[in-house]
Amino acid sequence: MSLSNKKIVKGIKFGLLSPEKIVKQAVVEINSPETYDQDGLPVPGGLMDRRLGTVEPSQRCETCGARAGKCPGHFGYIRLERPVIHPGLAKKIHETLSAVCRECGRIKLSDEELEEYEKQMKELEGRNPNLAKALSKTVIKKASQVNVCPHCGATNYSIEYERPTTFYEEMGGKKGEASSLVRIPPTEIRIRLEKINSVEANLLGWDNEVARPEWSVLTYLPVPPISMRPAITLETGLRSEDDLTHKLVDILRANEKLKEHISSGAPQSVIDDVWELLQYHVITYFDNETQGAPSSRHRSGRPLRTLAQRLKGKEGRFRGNLLGKRVDFSSRSVISPDPWIGINEVGVPIEVAKILTIPEKVTDLNIDRMKELVKRGPNNYPGANYVVRPNGVMVDLRYVKDTNEIGNELGQGFIVERHLRDGDVVLFNRQPSLHRPSIMGHVVRVLPYRTFRLNPAVCPPYNADFDGDEMNLHVPQGEEAEAEAKEILLVENNLLSPRFGGPLMGAIQDFISGAFLLTRKSVLLEKGEVMDLLYAGSYEGPLPPPAITQPRPLWTGKQIVSLFIPESITYSSKANSCVGCGDCKYDDCPGDGFVYVKDGELLMGVLDKKSIGATVPNSLLHRIVKDAGVAAGREFMDKAFKVFLRYSEGNGFTVGLKDLEIPNTVREALKKRIKEVEGEIDEAIAAYERGEVEAEAGKTVEEEIEDTIMSKLTKLRDEVGDTAAKNMDHESHSYMMALTGARGSVLNLTQISAIVGQQSSRGGRIVRGYSDRTLPVFDHGDMSAKGRGFVESSFYEGLSPVEFFFHAVTGREGLVDTAVRTSQSGYMQRRLIHALEDLHVEYDGSVRGAEGELIEVKYGDDGVDPAKSDHGIALNVDRIIDKVLKEGEVE
Amino acid sequence: MVSTHVLLSKEESDELLNVLGVSRDDLPKISTRDPMVKYLKAKRGDIVKLIRNSPTAGQAIGYRVVV
Ligand SMILES: [Mg+2]
Ligand SMILES: [Zn+2]
Ligand SMILES: [Zn+2]
Ligand SMILES: [Zn+2]
């Protein structure tokens, strides 16, 4: 196409092809079901007619003379011996037939009514398509109920529609006569639709200019060019025709048979049968998943992929090809953790760095560097893969014998596609990309081995773990894209979540354990240890004065951490380790749970999930990012987190079964308690069976006894769990992880060491299984704790077979629920994203749609960016007071 | 329960559309059958101002064009 031909697309209008248009746009009539003759040449007038265009490089198109690739392909047409219903419009045909008179073709409403509706339609047309649609719906509904035509007085019958394309008129039925359904053949339907005048067609919802009602009954069928249905040659040398070609052959066969029968004067019933067959083939040609029509299949039993199937669904043209394109300059690999790289970084395997390239323009400033890279070529890392000459010719360095030669040739105007190097910015992504930070900018660190490396602190926004997860990497190919990746998408610029106003990233698992261990009161570090830790955190300042000088200088862990907290930070909060203080006892808290940072100095308290954890708003980390800036936040995470890990490495961090042991005396007491409560429950059941249980208002007796049992069991589990937790080794790493929020919960621990507790299914105790009982080992009607899924064992002791079964029931239900939930919420998410994708905040602070329509006068009513708020609060007065007074306060 | 609905005068409506830089068609809509529209005796094309409580801003303002 020449440049002068370019026009701007103002809109797209969909309509029906008229028979005239079908014939006019075609270059040949197709009437032979044969595709090739004995010599393997395309049959003229067959589906492979050379005039339809060619896909074979050796041939020229008989219509336009161009070769394959240049020839756009040309349509043909089939003249149908008898008209057939367009399957996609059958519903619309039904509505229309019902609304118009069978004799005169007018809408069965009085002239006055029609005039009023036409006036209304004129007003709505173009301005409000939804209301126009609603108006035609009312017209159709009203007119369908009329039996006698107000224009010609003809009697009309109600019209029945049977999927997929059959229409009946309900004749007779007067005076007790049985009504009979009389089939309306497509020929008759077409005649009726032809009678509708243009104004009334519009009123019935047809866009008369581009979709006359009678065009919905097909008399001609377009034959798509071969380029739309190319045959593929299998490895065996056999040709395999496209599914569309197969379907068109079926249509042509049925059409030919129909022609023979008609000309030979076959009985009507025979003609009707073939006609029906033709209709069937046309239906499945359009959509092979039409309701009411059995799907057309290959000999192998595979359903044919016809027109609708090409467009529909995930792999269809829209979702598969238009909305989801494949891209160059991208890479995918398994991810693994590397806490020693920065949160802004991504580790890229050297093999990948040698394939992905960045186009760099040669200038006076970089020419020496570029020359060197080109000379090194594609195989020596850092090198280059391509050189683009000023005339646009691309040179593939893989095939250049002497790269020195082209390297020396380099000058201004050349572009060098050089290998990916440390410091380049790339986009990193993990599916499902549910929110903005599912794609972030990372700075490349080229590393050995074959996985992408990722700092574990950035796992939360990607929802990544390292059990085999894979991630994608994209290399920006221009200065603008690179700048966007650096300034907008970079990890540190996404630390704060616009969703809940807190840090998305932060300490997880071992980071938290290490931070807790290091900041405990008991930690005193030798000079050597301090040096080791500070080295891990790349600290470059002077050593602080030791907290203890005699007998030798010792430093506290808090001192070390303080070196990494920006000076401007004043912060106080309560740590998880403050248990049962009630009102906080501040510096007297037995768990050292009062965290107090004054001017960047951690004076009191231990760090845990609450102060440095990921996705925890109003934490110390949040303060640092908000008050000292994202760069300071990133630096804290890059440096202090490494210190935490280094400390836990040096300290030794391990868990064992011993962590979860509870004294035998306690265990026996708990067992006794369990037996006691089970006895109580048995008594309650006995009372229920004697009819002595009275229900509370609004409950049945059954519900009452069930609730009683459940509450007793819940209380029992809590009681046993609490006692067990109290008697566990609180110094153990397992307990420490649960307490600090590093991993696991106290509930998990008590399930291991004391009691697993009630298993549930469908929100209650387990009742299903055999009739009247869960398993045959129980009596009929057994309501006892054990009979309905109460697991009194602990994982430490092991479960009885029956308990194990109940536990598996709950486990399976959980798996099934997650599977169902993810697919349902995924689809909802898709719909919501597409519905909301073009909403944006205008410069006046209002929220607007794609065409400037007003959604909200002020974004969020207050115009506050939640990412810059404190957990949704625009101005946190308490924080400001805290910061000014520097006294440290917790609610 | 029902937030405050105020019917805007012709002048107020024009002023509002000017300030927001939108046409009537760009505003959110409210049905003529809406009880508050009936109560205010608002006609098609009129603009109704909504004043309602907001968890973020205390009070928020919205506009609806009667259709
Ligand atoms: Mg995983
Ligand atoms: Zn051609
Ligand atoms: Zn009539
Ligand atoms: Zn406390």
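Residues numbered from 1 in each chain as written. Chains lettered and ligands numbered in written order. Predicted model: local features only at pLDDT ≥ 70, side-chain atom pairs only at ≥ 80, totals over all residues. Heavy atoms only, no water.

A. Inspection of the overall build of chain B at higher detail. Helix and strand content of chain B: two helices and four strands. Listed by position from the N terminus, the elements making up chain B come as β-α-β-α-β-β. Taking 11 Å as the expected radius of gyration for a compact globule of 67 residues, we find that chain B reaches 12 Å, a close match to that expectation. Projected onto its principal axes, the C-alpha positions of chain B cover 30 × 25 × 20 Å. Scored against the burial criterion, the 67 residues of chain B give a buried share of 34%. Long-range contacts, defined as pairs at least 24 residues apart, comprise 52% of the intrachain contacts of chain B with a sequence gap of at least 6. Taken together, the 11 basic and 8 acidic charged side chains of chain B have centroids lying 9 Å from each other. (Helix = DSSP H or I, 4+ residues; strand = E, 2+ residues; numbered from the N terminus. Rg over C-alpha atoms; globule rule 2.2 N^0.38 Å. Buried < 20%, exposed > 50% of the residue type's maximum accessible area, 1.4 Å probe, protein only. Contact = heavy atoms within 4.5 Å. Lys, Arg positive; Asp, Glu negative; His and termini not counted. Charge placed at Lys NZ, Arg CZ, Asp CG, Glu CD.)

B. View of the sheet that holds strand S6 (residues 217-223) of chain A. All names here are of chain A. The strand order S1-S2-S6 describes an open sheet built from three strands, whose pairing is mixed. Here the strands that pair on one side only, and so sit at the sheet edges, are strand S1 (26-29) and S6. Taken pair by pair, the neighbouring strands of this sheet meet at an average axis angle of 40°, ignoring direction. Judged from the three bridges that link them, S1 and strand S2 (residues 75-85) form a sheet pairing that is parallel. Looking at S2, one finds that Glu 29 is bridged to Tyr 77. The strands touched by helix H5 (residues 186-194) are S2 and S6; relative to S2, the strand with the most contacts, the crossing angle is about 100°. (Pairing = 2+ DSSP bridges. Axes fitted to C-alpha atoms, helices over the stretch in contact; angles between N-to-C directions.)

C. Examining the coordination of the zinc ion (ligand 2) more closely. All names here are of chain A. Summarising the metal site, the zinc ion (ligand 2) is bound by the protein donors Cys 61 (SG), Cys 64 (SG), Cys 71 (SG) and His 74 (NE2), whose distances to it range over 1.9 to 2.4 Å. Note that the zinc ion (ligand 2) binds four donor atoms; their angles at the metal cover 107 to 112°, and the shape is tetrahedral. Each donor residue of the zinc ion (ligand 2) belongs to the same chain, and together they define the spacing C-x2-C-x6-C-x2-H. Among the residues examined, Cys 64 registers a relative accessible area of 38% and is labelled partly exposed. When its relative accessible area of 7% is taken as the criterion, Cys 71 is described as buried. (Donors = N, O, S within 2.8 Å, 3.2 Å for Na, K, Ca; no water. Tetrahedral: all angles 85-135°; square planar, octahedral: opposite > 155°, others 65-115°.)

D. Just the interface of chain B and chain A, in detail. Contact residues are listed per partner, giving 15 residues for chain B and 12 residues for chain A. Of the roughly 920 Å² buried at the junction of chain B and chain A (both faces included), carbon and sulfur atoms supply 51%. Sorting the residues of chain B by area buried against chain A places Leu20(B), Asp26(B) and Thr56(B) first, and these three jointly supply 42% of that buried surface. Our count for the contact surface shared by chain B and chain A stands at four residue pairs in polar contact (both at pLDDT 80 or more). Ranked by residue count, the leading element in the side of chain B that touches chain A is strand S4 (residues 58-66) of chain B, at four residues. (Buried area = accessible area lost by both parts, 1.4 Å probe. Polar contact = N/O pair within 3.5 Å; in protein donor to acceptor, adjacent residues only side chain to side chain.)

E. How the structure looks around the packing of aromatic side chains. All names here are of chain A. This structure, assessed with the given rule, holds 12 aromatic pairs over all chains. Taken together, a centroid distance of 6.0 Å and an interplanar angle of 70° make the contact between Tyr 539 and Phe 564 edge-to-face. On the criterion of sequence distance, the pair formed by Tyr 539 in the loop between helix H17 (527-536) and strand S20 (555-556) and Phe 564 in the loop between helix H18 (557-562) and strand S21 (571-574) is long-range, its members being 25 residues apart. Under the relative-accessibility criterion, Tyr 539 is labelled partly exposed at 23%. Note on Phe 564: relative accessible area 10%, which makes it buried. Both rings, one in Phe 778 and one in Phe 806, keep their centres 6.4 Å apart while their planes meet at 20°; by these two values the pair is stacked. (Phe/Tyr/Trp six-rings, centres within 6.5 Å; stacked < 30°, edge-to-face > 60°.)

F. View of the sheet that holds strand S4 (residues 166-172) of chain A. Residue and element names in this part refer to chain A. Read from one edge of the open sheet, three strands run S3-S4-S5, paired in antiparallel fashion. Single-partner strands in this sheet number two, and they are strand S3 (158-162) and strand S5 (179-183). Each neighbouring strand pair of the sheet contributes to a mean axis angle of 35°, computed without reference to strand direction. Inspection of the sheet shows S3 paired to S4 by five bridges, in the antiparallel sense. The residue of S4 that forms the bridge with Tyr 161 is Phe 167.

G. Geometry of the environment of Glu856(A). Its place among the elements puts Glu856(A) in strand S30 (residues 854-856). If we ignore the near neighbours within four places in the chain, the residues touching Glu856(A) are Ser846(A), Val847(A) and Asp861(A).

H. Structural detail: the packing of helix H3 (residues 111-124) of chain A against helix H4 (residues 129-144) of chain A. Residues and elements named next belong to chain A. Where H3 meets H4, the axes come as close as 9 Å, and the angle between the chain directions of the two elements is 165°. It follows that H3 is roughly antiparallel to H4 by the angle criterion. Judged by the twist between their axes, the crossing of H3 over H4 is left-handed. When H3 is examined against H4, the residues Glu 113, Tyr 117, Gln 120, Met 121 and Leu 124 are found in contact with a partner set consisting of Leu 131, Ala 132, Leu 135, Ser 136, Val 139 and Lys 142. For the contact of H3 with H4, the class distribution of residues is seven nonpolar, two polar and two charged. (Parallel < 35°, antiparallel > 145°, perpendicular 65-115°, else oblique. Left-handed = near helix turned anticlockwise from the far one by under 90°. Nonpolar A, V, L, I, M, F, W, Y, C, P; charged D, E, K, R; others polar.)

I. Representation of the layout of surface pockets within the structure. Residue and element names in this part refer to chain A. Quantified by volume, the largest pocket comes out at close to 1300 Å³. Surrounding the largest pocket, 25 residues form its lining, Arg 319, Leu 323, Gly 324, Lys 325 and Gln 431 being those nearest its centre. Among the elements that make up the lining of the largest pocket, the one with the highest residue count is helix H26 (residues 801-836) (five residues). Of the residues contributing to the lining of the largest pocket, the split by class is five nonpolar, 12 polar and eight charged. Taken as a whole, the second largest pocket spans an internal volume of roughly 1000 Å³. (1 Å grid on protein atoms, 1.4 Å probe; cavity = no way out; pocket = protein on both sides within 12 Å on 5 of 7 lines; lining within 4 Å. Points joined across faces, edges and corners; volume = space filled by probe spheres on them.)

J. Spotlight on the pattern of salt bridges. Residues and elements named next belong to chain A. Going through the model one piece at a time under the given rule, you end up with 54 salt bridges over all chains. A salt bridge links Glu 289 to Lys 312; its shortest N-O distance comes to 3.9 Å. Of this pair, Glu 289 sits in the loop between helix H8 (268-286) and helix H9 (307-311) while Lys 312 sits in the loop between H9 and helix H10 (317-322), placing them 23 residues apart in sequence. For Lys 312, a relative accessible area of 43% gives the class partly exposed. Across the pair Arg 673 and Glu 719 runs a salt bridge, and its minimum N-O distance is 2.7 Å. (Salt bridge = Lys/Arg side-chain N within 4 Å of Asp/Glu carboxyl O.)

K. Region of interest: H4(A). Residues and elements named next belong to chain A. Across its 16 residues, H4 extends 22 Å between first and last C-alpha, which sits within 8% of the 22 Å expected from 1.5 Å per residue. Taken as a whole, H4 has its buried residues at Ala 132, Leu 135, Ser 136, Val 139, Ile 140 and Ala 143. One side of H4 carries all its buried residues, which in axial view fall inside an arc of 135°. Exposed side of H4, more than 90 degrees from the buried face: Asn 130, Lys 133 and Lys 141 are the residues found there. On its buried side, H4 packs onto helix H2 (90-99), H3 and helix H6 (198-203). (Expected span 1.5 Å × (residues − 1). Arc of directions from axis to C-beta.)

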